[in-house]
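Given next are the chains, with one letter for each unit.
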Amino acid sequence: MATNRTFTMIKPDAVENGHIGNILKMIIDNGFKIVAMKYTKLSEERAGAFYEVHKERPFYGDLVSFMTSGTIVAAILEKEDAVASFRTLIGATNPADADEGTIRNLYATSIDANAVHGSDSDENAEIEGNFHFSSEEQF
Ligand code: ATP
Ligand code: MG
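Not measured: the values here are computed from a predicted model.

Engineer: Give a detailed account of the pattern of salt bridges, specifying residues and quantitative values.
Structural biologist: Counted according to the given criterion, the structure contains three salt bridges. We note a salt bridge from Arg5 to Glu78, for which the minimum N-O separation is 2.8 Å. Here Arg5 is found in strand 1 (residues 5-10), whereas its partner Glu78 is found in strand 3 (residues 72-78), with 73 residues between them in sequence. Since its relative accessible area comes to 26%, Arg5 is described here as partly exposed. With its nearest N and O atoms 2.8 Å apart, the salt bridge here joins Lys25 to Asp29. Placement of both Lys25 and Asp29 in helix 2 (residues 20-29) is noted, with a separation of four residues, approximately one turn of the helix. The exposure class of Asp29 is exposed, given its relative accessible area of 52%.

Engineer: Quick rundown of the nonpolar core? Include the residues and the values.
Structural biologist: Ile10, Ile23, Ile27, Phe32, Phe86, Leu89 and Ile103 are the most contacted members of the largest nonpolar core, which totals 20 residues. Looking at this core, the elements that each hand over two or more residues are helix 1 (12-16), helix 2, strand 3, helix 5 (82-90) and helix 6 (103-107). For Ile10, the contacting residues outside a window of four places in its chain are Val15, Ile20, Ile23, Leu24, Ile72, Val73, Ala115 and Val116. Counting residues in hydrophobic clusters, the runner-up holds 18 residues, among them Val35, Leu63, Val64 and Ala74.

What counts, and at which threshold
- In this convention, every chain numbers its residues from 1, walking through the sequence in written order.
- Throughout, the order in which chains and ligands are written sets their labels, letters from A for the former and numbers from 1 for the latter.
- This being a predicted model, a pLDDT of at least 70 is required before a residue's local features are given, and a value of 80 or more before pairs of side-chain atoms are given or counted; all residues contribute to the totals for chains, interfaces and linings.
- Here the side-chain values reflect all heavy atoms present in the structure, with hydrogen atoms and water set aside.
- Salt bridges are identified by distance alone: a Lys or Arg side-chain nitrogen within 4 Å of an Asp or Glu carboxyl oxygen.
- A run of H or I in DSSP becomes a helix once it reaches four residues, and a run of E becomes a strand once it reaches two; helices and strands are each numbered from the N terminus.
- Partly exposed residues are those whose accessible area sits between 20% and 50% of the maximum for their type, while under 20% is buried and over 50% is exposed, using a 1.4 Å probe and protein chains only.
- Buried Ala, Val, Leu, Ile, Met, Phe, Trp, Tyr and Cys residues that are joined via side-chain atoms within 4.5 Å together make up what is termed a nonpolar core.
- For this analysis, residues touch if any pair of their heavy atoms sits within 4.5 Å.

As structure tokens, then:
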């Protein structure tokens with residue numbers, strides 16, 4: 001059953017390239033409510049833990065070093081069928097394959113520097129949101 005929350009990060013490339021405002025506007029204009037948000041930087045240890053599921057993949061080291069290379073915005077978003085709806089809004093992992101008008105189509109530069117993260121299931125949305133925010137920080 002679909003729940004109504006997902007978790008996102010605006011990644012270091014999009015922050016560095018000045019896209020925080022435009023990405024948040026797209027998120028809000030598409031009907032998502034922000035229920036938690038912070039501007040932060042991941043340590044290598046925390047990024048490694050967050051991406052633990054990808055530990056055996058060849059790009060894991062690059063992914064962790066990229067995600068610790070600069071500041072990010074982490075947020076929990078609420079909308080009906082949030083996980084699927086948000087993945088539609090962000091587009092394919094590789095921006096070359098991302099549909100026109102999606103966040104990655106507009107703001108990502110490569111498969112590594114792909115502008116945003118979006119949870120891939122309700123279960124992971126909950127785990128990832130709780131990884132970044134205490135229950136008191138979730139409105
Ligand atoms: P995210 O989890 O960031 O929302 P995703 O679910 O579309 O992206 P995953 O398969 O979960 O993609 O991969 C996590 C991240 O690892 C991707 O966003 C991308 O930055 C990086 N990544 C995935 N596949 C590759 C690859 N083949 N080469 C380099 N980096 C990759
Ligand atoms: Mg993923």
